[in-house]
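# Architecture and fold: a report
Take a look at the letters that make up each chain.
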Number of protein chains: 2
Amino acid sequence: MKTQHTAGASSFSFPEPVYVESAASIVSKKEGEGPLAGYFDRICPDPMFGTKTWEGAESALQRETASLAIQKAGYSPKDIRMVLAGDLLAQTTASSFGAAGLDIPFYGLYGACSTMGEALALGAMCVSGGFGKHVACVTSSHFASAEKEFRFPLGYGNQRPFSATWTVTGSGAVILGDRPPALSVDNAMRTDAGCVALSGITTGRLVDFGFKDSLNMGACMAPAACDTIFQNLQDFHRSPGDYDQILTGDLGVIGTKILLDLLRKKGIDLSENHSDCGLLIFNCQSQDTHSGGSGCGCSAVVLASYILPKIASGEWKRVLFVPTGALLSKVSFNEGESIPGIAHGVVLEHREAEE
Amino acid sequence: MKTQHTAGASSFSFPEPVYVESAASIVSKKEGEGPLAGYFDRICPDPMFGTKTWEGAESALQRETASLAIQKAGYSPKDIRMVLAGDLLAQTTASSFGAAGLDIPFYGLYGACSTMGEALALGAMCVSGGFGKHVACVTSSHFASAEKEFRFPLGYGNQRPFSATWTVTGSGAVILGDRPPALSVDNAMRTDAGCVALSGITTGRLVDFGFKDSLNMGACMAPAACDTIFQNLQDFHRSPGDYDQILTGDLGVIGTKILLDLLRKKGIDLSENHSDCGLLIFNCQSQDTHSGGSGCGCSAVVLASYILPKIASGEWKRVLFVPTGALLSKVSFNEGESIPGIAHGVVLEHREAEE
């Protein structure tokens, strides 16, 4: 009989920690004008990233980010055993023409804006199980390719209600491995204080509250975030105070309010230590991004640029990262289907340096 | 240091075997008129599966197939730790509204028609790593939803060249676990002779030969199948004769010819023990399916209905299952991009019954 590392109904913990070896983030102009401007690895002012199409732009962005993360860890692509990547486009083409092009064994994922959580979970299972020393987890989104995919091409100039979020043009990549990274000036994932370990996972379930508004994704995803956070606390016998921060993916202004309300009804007060990546990345008022940032690049770039370095430095000791996704396509939306949500939980912890 | 179970450049083997606990297949009318008619669990004559849309039909089909596999293994949904599911639609909506609806922790995958290989690989890693005793792997495709998604809605009545394949309307589901299933009249995955173990994986890489014809998917995928089969033989130090059968996903008539040619150039003769799920499922001549069956339901239903029972009975001792996928979307196709392929290898072996 196999020893089980499962915890509660939906979670598992790793018998030995899985380490974050490196992380990279590349964004475009608007993100580079936001509050996190100083944290990103690169800010590319050209939203086409040197290509001729929005989809080509996103692919180039994703491939470059994955390459940068591999380089920061001190590896070349052949050292990486596996790439787990996804994006928002139909048939995940940004990944098929992006990270998949690195000639590394590849698995494509789709979890809408929760995909970085899915990639980290499956990647960490792979490392923990002994099926690869170094695994790359990559996601991306692009404002223009996403608007075209889900709503209207930008040229139509359609109006956006205040509940709408703004898809982040950005890509985040994380290399997971079975050892802590070595000290290096180019790699913020290892400081004098220590490094980042991935200690546990809570796999999300589909949660459908029956919302049908594709311009209010925060409301569609908040119930899923509530479910995953509640389940994580139950499965690991923790209270919110056991985390320095609980960071959801891209609920935005409206989704955040709903999440806090839903959890309060379950007797859980998250107001003290909750943040949302969609609210961190833009100044919603001055940048006119309405409810906040979104897209599976949003939580990925905030994770890589802002969250992980704070854990590596020891400023945060334990964080629950909960990227959230709205599961719809323009076909399901136009056929009148509801928009179910899903959220995956990833427990990230500071580990002191041993060497 | 973690013990590595990796083999060669792209493969890994499981320290203890992962077992197939059950498998289920449901198809529609045309598949039920083909050579494998007697093998499927259910043949549903209504291509709408009781719903109002093609996408709804595929979701219902997939959910029912997953439920049937869970039931055949003697479990209820709460016993399943995780569902790994995918399909061909944009944003994998057949899975989001299908298997994801079972209230089981869920990860969505996209590997085009190779998705069952990806699901089995990641699912087996999960079981082997101790992150779940029972994991469900599910994929589906539907002729009408796929034609609408990738080419033209059926109502347009567009012509099909002889190189085109026919998307299978069907769904396959496999439950993986850490123990062999018990003997049961309803479960062909355990016979008096033994059961099926998943012993190794070869993860596919993206292979792009520059083909641009979305009505000749076999040609786009054959180079990827060649790459994965060659890599599998290298990584495990095997020759084709070490497998009773090497079964590709859905290369069809044209892709199969190309695969055999490409491998012959590498000094490997597969003509004796190769079959293709796309050629097994239809009688291409009399059923007017041109190059053969395709879709990520194709290899999944042939696996669940035809391949796995032959291994459980001991007729085949070792099989290499290689579902193949063409990575494109209608957007990438219309923007003039090529159609890269990917193929994932899964080694399935007969194990004698111990109890």
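One can find the structure itself at the top, above this paragraph.
As a starting point, this report considers the structure included with it. (Residues numbered from 1 in each chain as written. Chains lettered and ligands numbered in written order. Predicted model: local features only at pLDDT ≥ 70, side-chain atom pairs only at ≥ 80, totals over all residues. Heavy atoms only, no water.)

### Structural notes on the overall build of chain A
- What chain A contains, in helices and strands, is 11 helices and 16 strands.
- At 19 Å, chain A has a C-alpha radius of gyration in line with the 20 Å of a compact globule built from 355 residues.
- Summarising its shape, the C-alpha atoms of chain A cover approximately 55 × 50 × 40 Å along the three principal directions.
- Across the 355 residues that make up chain A, the buried fraction comes to 68%. (Helix = DSSP H or I, 4+ residues; strand = E, 2+ residues; numbered from the N terminus. Rg over C-alpha atoms; globule rule 2.2 N^0.38 Å. Buried < 20%, exposed > 50% of the residue type's maximum accessible area, 1.4 Å probe, protein only.)

### With respect to helix α5 (residues 143–150) of chain A
- For α5 of chain A, a buried count of seven out of eight residues is recorded, marking the element as mostly surrounded by other parts of the structure.
- Residues of α5 of chain A that are buried: Phe 143, Ala 144, Ser 145, Ala 146, Glu 147, Glu 149 and Phe 150 of chain A.

### A look at the interface of chain A and chain B
- Listed as interface residues are 72 residues of chain A and, on the opposing side, 72 residues of chain B.
- A per-residue breakdown of the area chain A buries against chain B is headed by Gln 91, Tyr 107 and Phe 131 of chain A, which together make up 15% of the total.
- For the pair chain A and chain B, the number of links is four salt bridges.
- Notably, a salt bridge pairs Glu 335 of chain B with Lys 148 of chain A, separated by 3.2 Å at the nearest N-O pair. (Contact = heavy atoms within 4.5 Å. Buried area = accessible area lost by both parts, 1.4 Å probe. Salt bridge = Lys/Arg side-chain N within 4 Å of Asp/Glu carboxyl O.)

### Brief notes about the relation of the copies chain A and chain B
- Expressed as a screw transformation, the operator carrying chain A onto chain B has a rotation angle of 180 degrees and an axial translation of 0.0 Å, and the superposed copies differ by an RMSD of 0.0 Å. The transformation just described matches what one would write down for a two-fold rotation axis.
- Most of the interface of chain A is mirrored in chain B: 100% of its interface residues are interface residues there too. (Least-squares fit on C-alpha atoms with pLDDT ≥ 70 in both.)

### Section: the side chain of Ser 332 of chain A
- Among the secondary structure elements, Ser 332 of chain A is positioned in helix α11 (residues 330–334).
- For Ser 332 of chain A, the side chain forms a polar contact with the main-chain nitrogen of Ser 329 of chain A, separated by 2.9 Å.
- With residues up to four places along the chain from it excluded, the contact list for Ser 332 of chain A reads Glu 337 of chain A together with Thr 93 and Phe 97 of chain B. (Polar contact = N/O pair within 3.5 Å; in protein donor to acceptor, adjacent residues only side chain to side chain.)

### Quick look at the nonpolar core
- In this structure, Ile 307 of chain A together with Ile 307 of chain B are the most contacted members of the largest nonpolar core, which totals 107 residues.
- Of all hydrophobic cores here, the second largest spans 62 residues; its members include Ile 229 and Leu 327 of chain A together with Cys 44 and Leu 61 of chain B. (Core = buried A, V, L, I, M, F, W, Y, C linked by side-chain atoms within 4.5 Å.)

### Details of the environment of Gly 325 of chain B
Residue and element names in this part refer to chain B.
- By secondary structure assignment, the location of Gly 325 is in strand β14 (residues 324–326).
- On the basis of relative accessibility, which here comes to 0%, the residue Gly 325 falls in the buried class.
- Expressed as a C-alpha distance, the spacing of Gly 325 and Lys 310, which sit 15 residues apart in the sequence, is 24 Å.

### Focus: unusual backbone geometry
Residues and elements named next belong to chain A.
- Its identity is not glycine, yet Gln 91 carries a phi of approximately 55 degrees, on the positive side.
- Residue position: Gln 91 is located in the loop between β4 (82–86) and α3 (93–96).
- The class of Gln 91 is buried, set by a relative accessible area of 2%.

### Let's talk about the side chain of Glu 349 of chain A
All names here are of chain A.
- Among the secondary structure elements, Glu 349 is positioned in strand β16 (residues 345–352).
- Looking at Glu 349, the relative accessible area reads 12%, which means it is buried.
- Looking at Glu 349, its side chain comes within polar contact range of the side chain of Ser 199, at 2.9 Å.
- Within the structure, the side chain of Glu 349 is placed 3.2 Å from the side chain of Arg 318, a separation counted as a polar contact.
- When residues no more than four places from it in sequence are discounted, the contact partners of Glu 349 are Cys 195, Val 196, Ala 197, Ser 199, Arg 238, Ile 311, Lys 317 and Arg 318.

### Describing the pattern of salt bridges
- Taken as a whole and assessed by the stated rule, the structure comprises 31 salt bridges over all chains.
- With its nearest N and O atoms 2.8 Å apart, the salt bridge here joins Lys 72 of chain A to Asp 41 of chain A. Highlighted residues: Lys 72 of chain A in helix α2 (residues 54–72) and Asp 41 of chain A in the loop between α1 (29–32) and β3 (42–44), separated in sequence by 31 residues.
- Salt bridges sharing partners connect three or more residues here, namely Glu 55 and Lys 148 of chain A together with Glu 335 of chain B.

### Points about the pairing of strand β9 (residues 194–202) of chain B
Residues and elements named next belong to chain B.
- Where burial is concerned, most of β9 is hidden: nine out of the nine residues are buried.
- Note: β9 against strand β16 (residues 345–352), eight bridges, orientation antiparallel. Residue pairing in the sheet places Gly 194 in a bridge with Glu 352 of β16. (Pairing = 2+ DSSP bridges.)

### Thoughts on the pairing of β16 of chain B
Residue and element names in this part refer to chain B.
- Where burial is concerned, most of β16 is hidden: six out of the eight residues are buried.
- Where strand β13 (residues 318–322) and β16 come together, four bridges link them in antiparallel fashion. In the strand pairing of β16, Arg 318 is matched with Glu 349.

### Quick notes on the packing of aromatic side chains
- One pass over the full model with this rule turns up 16 aromatic pairs over all chains.
- With a centroid separation of 6.0 Å and 80 degrees between ring planes, the pair formed by Tyr 306 of chain A and Trp 316 of chain A is classed as edge-to-face. One end of the pair, Tyr 306 of chain A, is in helix α10 (residues 298–312); the other, Trp 316 of chain A, is in the loop between α10 and β13 (318–322), with 10 residues separating them in the sequence.
- In this structure Tyr 306 of chain A comes out as buried when scored by relative accessible area, which is 15%.
- A relative accessible area of 11% means that Trp 316 of chain A is categorised as buried.
- The ring of Trp 166 of chain B has Lys 30 of chain B sitting right over it, with the charged end atom 4.4 Å from the ring centre.
- Positioned over the ring face of Phe 230 of chain B is Lys 266 of chain B, at 4.2 Å from the centre of the ring. (Phe/Tyr/Trp six-rings, centres within 6.5 Å; stacked < 30°, edge-to-face > 60°. Lys NZ or Arg CZ within 6 Å of the ring centre and 35° of its normal.)

### So, the environment of Tyr 156 of chain A
All names here are of chain A.
- Assignment of secondary structure puts Tyr 156 in the loop between α5 and β7 (166–167).
- Residue class for Tyr 156 comes out exposed when judged on its relative accessible area of 61%.
- Each C-alpha atom of the pair Tyr 156 and Ile 258 lies 31 Å from the other, and the pair is 102 residues apart in sequence.

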